[in-house]
Amino acid sequence: MTSRNTSPDQRQRPGQQKEPSQPLGVARDSIMHIEVEQKYRVASHAPTVAALGAWDVTLGEPVEQIDCYYRHPQRDFAQTDEAFRLRTVGNQNFMTYKGPKLDQTTKTRREEEVRVADGPAARQSCEEILRHLSFEPVATVTKHRITCHLKRDGFDVEVALDQIKELGPFVEIEIAVPVSREAERSEAERVAAANRVLANLANEMGLSDVERRSYLELLLAKRTK
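Residues numbered from 1 in each chain as written. Predicted model: local features only at pLDDT ≥ 70, side-chain atom pairs only at ≥ 80, totals over all residues. Heavy atoms only, no water.

Asker: What should I look at first to understand the overall build of the protein in this one?
Answerer: A count of helices and strands for the protein gives 5 helices and 8 strands. Each of the 225 residues in the protein was classed as buried or not, and the buried ones make up 48%. On the protein, roughly 11700 Å² of surface is accessible, and the fraction owed to carbon and sulfur atoms is 50%. (Helix = DSSP H or I, 4+ residues; strand = E, 2+ residues; numbered from the N terminus. Buried < 20%, exposed > 50% of the residue type's maximum accessible area, 1.4 Å probe, protein only. Areas by Shrake-Rupley, 256 points an atom, 1.4 Å probe, with all protein chains shown as cover.)

Structural data, given as structure tokens:
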């Protein structure tokens, strides 16, 4: 989910933990990718933590992510199944675009993300720029997230334990597949393979209550009840 101008010290996803010296929330490699992802409702994170512990997977430090989602001035994202957000993780700010879901069972979609200037003043400037362009805030999703990483069948997998304000606990598992316009067939095959890896991994962790809606959709649905 990133811009081609991202510097080497910024190439890590929001909330990702690799080295203690790395700042929290740094975006991943600066290329377009397909986010192969599935989300699950859980009553507690404890069974997932136990499964990961049995595989000697180390959990990262918890981080808070504050995501403000915006309404496009000329098209309805609810109809096009797109999303645009401004995310803050600690002192770091990111802008993210998510394309429509690419299948009927998972949350797989194209995503591009760029890290912008750090700090509250920079976030406020981003908000002002979006306001001048007639983007309107829809809602803010606040999550506490713990991530970890493991390898399965040649893929790097990110597992996120999320506690969402107003919604409760969820688990997300994700693989980022790089986009290659020169090799669409290979890309499609790797997306299919990544989906199989996620399905098998979810089964091993006892995750079964699939939720395809975004946190934004869930939050808006709850507030309209």
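Asker: Looking at this model, I keep getting lost on the side chain of Arg115. Mind explaining?
Answerer: Within the element layout of this structure, Arg115 appears in strand S5 (residues 109–116). A polar atom in the side chain of Arg115 sits 2.8 Å from the side chain of Asp118. (Polar contact = N/O pair within 3.5 Å; in protein donor to acceptor, adjacent residues only side chain to side chain.)

Asker: Got a minute to help me understand the confidence of the model for the protein in this structure?
Answerer: Low-pLDDT portions of the prediction should not be read for the details of their coordinates. Summary statistics for the protein give a mean pLDDT of 86 and a share of 84% for residues scoring 70 or more. Overall, residues 1–30 carries pLDDT values under 50, and its contacts beyond four positions in sequence, including any with other chains, amount to 87 contacts. (pLDDT = per-residue confidence, 0-100. Contact = heavy atoms within 4.5 Å.)

Asker: Looking at this model, I keep getting lost on the sheet that holds strand S1 (residues 33–41). Mind explaining?
Answerer: Strand pairing within a sheet occurs via backbone hydrogen bonds; the two strands may be parallel or antiparallel. The antiparallel closed barrel is built from 8 strands, whose spatial order is S1-S5-S4-S3-S2-S6-S7-S8. Between one strand axis and the next, the sheet turns by 35° as a mean value, whatever way the strands run. Sheet topology note: the strand S4 (residues 92–101)/S5 ladder contains 7 bridges and is antiparallel. Paired with Lys98 across the two strands is Glu111, which belongs to S5. Contacting strand S2 (63–71), strand S3 (83–89), S4 and S5, helix H3 (residues 120–132) runs over the sheet at an angle of about 165° to S3. The sheet strands contacting helix H5 (residues 215–224) are S1, S2, S4, strand S6 (136–152), strand S7 (155–164) and strand S8 (168–178), and the helix crosses S6 at an angle near 135°. (Pairing = 2+ DSSP bridges. Axes fitted to C-alpha atoms, helices over the stretch in contact; angles between N-to-C directions.)

Asker: Would you explain the nonpolar core in this entry?
Answerer: For soluble globular proteins, nonpolar side chains are generally found buried alongside one another. Residues Val36, Val157, Val159 and Ile175 are the most contacted members of the largest nonpolar core, which totals 26 residues. Elements with a minimum of two residues in this core: S1, helix H1 (46–54), S6, S7, S8 and helix H4 (184–204). Ala83, Ile164, Tyr215 and Leu216 belong to the second-largest nonpolar core, a separate cluster that totals 10 residues. (Core = buried A, V, L, I, M, F, W, Y, C linked by side-chain atoms within 4.5 Å.)

Asker: What is the right way to read unusual backbone geometry from this model?
Answerer: Note on backbone geometry: most residues besides glycine have negative phi, and most peptide bonds are trans. In this model, Asp81 sits at a positive phi of 60°, which is unusual for a non-glycine residue. Mapped onto the secondary structure, Asp81 falls in the loop between helix H2 (77–80) and S3. By relative accessible area, which is 22% here, Asp81 ends up partly exposed. The residue Asp153 is not glycine, and still its phi comes out positive at about 50°. Along the polypeptide, Asp153 turns up in the loop between S6 and S7. On the basis of relative accessibility, which here comes to 67%, the residue Asp153 falls in the exposed class.

Asker: When you look at the packing of aromatic side chains in this model, what are you seeing that I'm missing?
Answerer: In this description, an aromatic ring pair is defined by two values, namely the gap between the centres and the angle between the planes. For the structure on display, the rule yields 3 aromatic pairs. Ring centres 6.3 Å apart and planes at 50° place the aromatic pair Tyr70 and Phe84 in the tilted group. Residue Tyr70 is found in strand S2, and its partner Phe84 is found in strand S3; the two are separated by 14 residues along the sequence. Take Phe84: its relative accessible area is 15%, and that puts it in the buried class. (Phe/Tyr/Trp six-rings, centres within 6.5 Å; stacked < 30°, edge-to-face > 60°.)

Asker: Sorry, what's going on with H3 here?
Answerer: Residues that lie three or four places apart on an α-helix share one face, since the helix turns once every 3.6 residues. Across its 13 residues, H3 extends 18 Å between first and last C-alpha, which sits within 8% of the 18 Å expected from 1.5 Å per residue. Of the residues making up H3, those classed as buried are Ala122, Arg123, Cys126 and Leu130. An end-on view of H3 places all buried positions within 100° of arc, on one side of the element. In H3, the exposed residues that point more than 90 degrees away from the buried face are Pro120, Ala121, Gln124 and His132. The inward-facing, buried residues of H3 contact S2, S3, S4 and S5. Immediately beyond the C-terminal end of H3, within one or two residues, lies Ser134, with a positive phi of roughly 75°. (Expected span 1.5 Å × (residues − 1). Arc of directions from axis to C-beta.)

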